[in-house]
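# Structural overview
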Amino acid sequence: MAETKSTCCYCGVGCGVVIEHEAGRITGVRGDPDHPANFGRLCTKGSTLHLSAAPDTLIARALYPELRADRGASRERVSWDTALDTAAERFAAIIAEHGPDAVAVYGAGQLLTEDYYVFNKLVKGLIGTNNLDTNSRLCMSSAVAGYKLSLGADAPPCSYEDIAHSHALFITGSNTAFAHPIAFRRIEDARKARPDMKLVVIDPRRTDTAEAADLHLALLPGTDIALYNAMLHVMLWEGWVNRDYIEAHTEGFDAVKKAVREYTPAMAATLCGLDKKAIEQAAEIFATAPATMSMYCQGLNQYSFGTHNNSALINLHLATGQIGRPGAGPFSLTGQPNAMGGREVGGLANLLSAHRDMANPAHRAEVAALWGVDDVPAQPGRSAVEMFDGLRSGEIKAVWIACTNPAQSMPDQALIHAALAKAEFVIVQEAFGHTETCAYADLLLPATTWGEKEGTVTNSERAISRVRAAVSAPGEARHDWAIVVDFARRLGIRMDKADLAARMFPYSTPESIWNEHRESTRGRDLDITGLSYSQLETAGPQQWPFPEGASQGKVRLYEDGVFPTPCGKARFVVTEHRITAESPSARYPLHLNTGRLRDQWHGMSRTGLVARLYSHEPEPMLHMHKDDMERRGLASGDLVQVKSKRGDVVLKVLESATLRPGQTFVPMHWGGNTMGGQGVNVLLPSAFDPYSKQPELKHAAVQVEKYKAGKALVAMRRSEPDANGELHPNPLEVMDRLRRWLPHFPYASLTLAGRNTPVVVLKAQGEELAPRLMEALDRDLALDDPSKVLSYQDTRKDVAKRALVEGDSLAAVRLAGETRAADWLADMMVQGHSAAAVRPWLLAPLTQPPAGQSARGKVICNCFDVAEEDIAAAFRGGETLEALQARTRCGTNCGSCVPELKRLAQSNKH
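This section reports on the structure supplied with the text. (Residues numbered from 1 in each chain as written. Predicted model: local features only at pLDDT ≥ 70, side-chain atom pairs only at ≥ 80, totals over all residues. Heavy atoms only, no water.)

### Structural notes on the overall build of the chain
- Of the regular secondary structure elements, the chain holds 32 helices and 38 strands.
- Whereas a compact globule of 910 residues would reach a radius of gyration of roughly 29 Å, the chain reaches 27 Å, a difference of no more than 12%.
- Over its C-alpha atoms, taken along the principal directions, the chain stretches across nearly 80 × 70 × 55 Å.
- Within the chain, the proportion of its 910 residues that are buried is 64%.
- The contacts in the chain between residues at least 6 apart in sequence include a share of 72% that link residues at least 24 apart.
- As displayed, the chain has an accessible area near 31700 Å², and 48% of this comes from carbon and sulfur atoms.
- For the chain, the distance from the average position of its 98 positive side-chain charges to the average position of its 107 negative side-chain charges is 3 Å. (Helix = DSSP H or I, 4+ residues; strand = E, 2+ residues; numbered from the N terminus. Rg over C-alpha atoms; globule rule 2.2 N^0.38 Å. Buried < 20%, exposed > 50% of the residue type's maximum accessible area, 1.4 Å probe, protein only. Contact = heavy atoms within 4.5 Å. Areas by Shrake-Rupley, 256 points an atom, 1.4 Å probe, with all protein chains shown as cover. Lys, Arg positive; Asp, Glu negative; His and termini not counted. Charge placed at Lys NZ, Arg CZ, Asp CG, Glu CD.)

Written out as structure tokens, the structure is:
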């Protein structure tokens, strides 16, 4: 077995991993103990990366170029020459007729820096448009704009090691325990080492992160600015500001001081829904601690005033001098593995390479000279929402989507689907061919993914890491950068720029691209001219800036109080409280918050392939306060219709103690591949921040009503591993067959259950369950042979059931019209229990198995497969948390489940 060091492909912590591989197959993964971001730790998502690269997952991969002749036809396999020639011809023709702004590229924070660089050069250099944007616009652009507005550059001033030096840590707008679990482990370590360290969490929900806090401020959604202004008001009143620092290193303080006079704690308490004493306590902790650090993410960014959310928080750091020192400063947590690397190369519609300003003629001239073109466009291109508006209106004719899934991840999904349907030509460059966006691809280009790629990424603390390939690409998949380079040369011929394209895209390796990017940073704030691939190979990840001649990068920025602004001083920014893009009303009376699950990632194109990652929350669910549920006559498990101004979804409701009355929560991961309709983002508004252009994906106003119509359906199919460990039937192939039935039902959920023997689970409810649909569904589940299946039919009650027992195991079941036994049947299939003893009752309307066993409940510890009911029973029996961990090992690996274990221990005291 061989081993290759690389990095994880999920959140912006940028954990190092060691990939184990043999005979061209990835067989395992573990944390890299030498990587400074994680020191060997991995969360549940990272520690299962190898499972998403197992041979069984090839069914989900895009393996060959595919092209369709017209929108009514199916895609057919073609050669790479045909694919790229067709793409070049279509783009060239559109550019010739309508101009360069009639085409666009939409990329992702999962692209490597080298991939980003060539896309940027293609669009802004060869084609001559700034219509290049990425899904980083959805998560990090307000943090970028906030840093630039307040501090002068898109440069997080802190590092992970500052966590250990901090005396007060403010986590705001982030459920770090779920979204950045390895960073949260470092927080836990710091608090153990320094028990007097204060943790303050600012979040509308009482998340696992908030559970661990010394002070939790459960503010109303979108009221952060009022809170921070009130905290500054208190600091001024109490004399807790650092006037020496303000005078020496900032400008604009007088205007902010005047603005926050109105934000008394009492006034802010009314706006925020908080106790004014809690606001005063937070201000005191922030201002008087020897070192205060803030960490923040989408809860600040994803609002139509996200930039000012960021600046209002940064104002507190500047006012108290809590910046540029160990343990102090504002630290944005990057949402994706390489969102920062993309920004470094100018990979957004308003950016240029190496943090250059598109509005600056000198900066544009520098980029043009570097690329060997006459000029680069001065007008910013279309940002994400604007780009799809342009597709829908017809102003943009063709779009190239790479490494992202806007038909799941963008707000206002009705708009996105209409835009993709209207576009004249859609290219999708993807590793996974089953995403919602791939359905719209006129041309599908298969790309490499984690474990197959070579290049670099930059994480939240400005550390550049090498990404290394452990195995070769499957099928005919190519590296993203190589696809772009090949296309650029072909496009150049058709645009009569063959020589220019050849000069601009001479690359044969990712290192040659990176070296050009490195040179573009010379003399800039992110100068990396002192780095090389070989240095990153031998010395490990390095933080920028790292100029030529330096021996190491900078752990933290602005230690000298000098900022990259024209005057060298940081700027105070006047920020005023604003209401969210949508406010609750008589028709839409509830707040809807969005966020992440612990074990799933973004649109689930990778984590959705791994059965055990569904164990913690097995299907799309609306979290709701019990008072709001009682008012509507709801109980956990009921179906509800959630409706906003843009669309609606039907899903199950779950009573949650994490929310205040009047608020609901839904995870953002569920799209049209896993549920009925177009997914949860159909509910969210496309209104965006005027500075950052980041849409308000965090919040909407909704109504929730009980959904009563229809007949219930549950269908399940179990897979067994063969002698080689490969699963039969392939669960992802079964999912692909069942996915076509999702549009037939207002409520539908298609997920996986289990661990080593996955079970595909389809749940649905519709006005009728047509016999033809049931017959087709039975064929998909191998329930169509009457001689092999158990069956029950009651036409008077419209109930029909079938079950397949293979050997001693329940292999498949379909319950239509009555589904009470679904939970214990699923548990029996997942556990592989013998069906012999319960065979006569398999199709009976029983909520519990006849032998009296109860279902395990959700899995709390995914690392060691320890379920909720087993944990609760142990605590009720008097077992301590320490004893439970010693016996079961739960919570001793990645640690993601530790907050929940503590909560269960408290609620099940014996």
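What follows picks up the thread again.
### Quick word on the sheet that holds strand 34 (residues 789-794)
- Within the open sheet, the 6 strands sit side by side as 32-33-29-36-35-34. Their pairing is antiparallel. Two strands in the sheet have a free side with no partner beyond their single neighbour: strand 32 (747-753) and strand 34. When strand polarity is set aside, the average angle formed by the axes of neighbouring strands in this sheet is 10 degrees.
- Where strand 29 (residues 711-718) and strand 36 (residues 809-816) come together, 5 bridges link them in antiparallel fashion. Note that in strand 36 the partner of Met 716 across the bridge is Val 813.
- Of the strands in this sheet, strand 29, strand 32, strand 33 (759-766) and strand 36 touch helix 29 (residues 822-831), which is tilted by about 160 degrees from strand 36. (Pairing = 2+ DSSP bridges. Axes fitted to C-alpha atoms, helices over the stretch in contact; angles between N-to-C directions.)

### Here's the deal with the nonpolar core
- Phe 388, Leu 420, Leu 622, Val 642, Val 704, Leu 738 and Leu 777 are the most contacted members of the largest nonpolar core, which totals 82 residues.
- Sort the elements by how many residues they give to this core and helix 19 (residues 384-393) lands first, with 5 residues.
- The residues touching Phe 388, leaving out its near neighbours within four places in the chain, are Tyr 106, Pro 406, Met 410, Leu 415, Ile 416, Ala 419 and Leu 420.
- Core analysis: the second largest hydrophobic core is formed by 67 residues, Leu 219, Ala 226, Ile 285 and Trp 544 among them. (Core = buried A, V, L, I, M, F, W, Y, C linked by side-chain atoms within 4.5 Å.)

### Quick word on helix 22 (residues 480-494)
- In this model, helix 22 (15 residues) spans 21 Å end to end at C-alpha, consistent with the 21 Å of a helix rising 1.5 Å per residue.
- For helix 22, the tally of buried residues reaches 11 of 15 residues, placing the bulk of the element in the interior. (Expected span 1.5 Å × (residues − 1).)

### Describing the pattern of salt bridges
- On inspection of all chains with the given rule, the structure shows 56 salt bridges.
- Notably, a salt bridge pairs Glu 476 with Arg 77, separated by 3.1 Å at the nearest N-O pair. In this pair, Glu 476 sits in the loop between strand 20 (463-467) and helix 22 while Arg 77 sits in strand 5 (residues 76-77), placing the two residues 399 residues apart along the sequence.
- According to the relative accessible area criterion, Glu 476 is partly exposed, its value standing at 29%.
- The salt bridge partner of Arg 468 is Glu 537, with a shortest N-O separation of 2.9 Å. (Salt bridge = Lys/Arg side-chain N within 4 Å of Asp/Glu carboxyl O.)

### Some words on the sheet that holds strand 6 (residues 103-107)
- Taken in spatial order, the 7 strands of this open sheet run 5-4-18-17-16-6-7, and their pairing is mixed. Two strands in the sheet have a free side with no partner beyond their single neighbour: strand 5 and strand 7 (132-134).
- Direction of pairing for strand 17 (residues 425-430) relative to strand 18 (residues 443-446): parallel, over a ladder of 4 bridges. Residue pairing in the sheet places Gln 429 in a bridge with Leu 445 of strand 18.

### What to know about the pairing of strand 18
- Side chains of strand 18 alternate between two faces, with Leu 443 and Leu 445 and Leu 444 and Pro 446 buried alike.
- Sheet topology note: the strand 4 (residues 66-67)/strand 18 ladder contains 2 bridges and is antiparallel. Note on strand 18: the bridge partner recorded for Glu 66 is Leu 444.

### A word on the side chain of His 180
- Within the secondary structure layout, His 180 lies in the loop between helix 7 (176-179) and helix 8 (181-193).
- In this structure His 180 comes out as buried when scored by relative accessible area, which is 0%.
- Of the polar contacts made by the side chain of His 180, one reaches the backbone oxygen of Thr 334; its length is 2.9 Å. (Polar contact = N/O pair within 3.5 Å; in protein donor to acceptor, adjacent residues only side chain to side chain.)

### Some words on the packing of helix 10 (residues 224-238) against helix 12 (residues 253-260)
- One way to put it is that helix 10 packs onto helix 12 with a least axis distance of 9 Å and a crossing angle of 105 degrees. Comparing the axis directions of helix 10 and helix 12 gives the class roughly perpendicular. Across from Asn 229, Leu 232, His 233 and Leu 236 in helix 10, the residues of helix 12 making contact are Phe 253, Val 256, Lys 257 and Val 260.
- By residue class, the composition of the contact of helix 10 with helix 12 is 5 nonpolar, 2 polar and 1 charged. (Parallel < 35°, antiparallel > 145°, perpendicular 65-115°, else oblique. Nonpolar A, V, L, I, M, F, W, Y, C, P; charged D, E, K, R; others polar.)

### Describing the packing of aromatic side chains
- Applying the stated criterion across every chain, the model contains 14 aromatic pairs.
- A ring pair is formed by Phe 91 and Phe 487, whose centres lie 5.7 Å apart and whose planes are at 85 degrees; its orientation type is edge-to-face. Placement of Phe 91 in helix 2 (residues 80-98) and of Phe 487 in helix 22 is noted, with a sequence separation of 396 residues between them. The two residues Phe 91 and Phe 487 agree in class, both being buried.
- Among the aromatic residues, ring-to-ring pairing joins Phe 91, Phe 119, Trp 400 and Phe 487 into one connected group.
- One residue, Lys 121, lies across the ring of Phe 505, its end atom 5.8 Å from the ring centre.
- One cation-aromatic arrangement involves Arg 205 over Phe 665; the distance from NZ or CZ to the ring centre is 3.5 Å. (Phe/Tyr/Trp six-rings, centres within 6.5 Å; stacked < 30°, edge-to-face > 60°. Lys NZ or Arg CZ within 6 Å of the ring centre and 35° of its normal.)

### Quick look at helix 8
- Helix length check: helix 8 (13 residues) gives 19 Å between terminal C-alpha atoms against 18 Å at 1.5 Å per residue, within 8%.
- Where helix 8 is concerned, the buried positions are Pro 181, Ile 182, Ala 183, Phe 184, Arg 185, Arg 186, Ile 187, Glu 188 and Ala 190.

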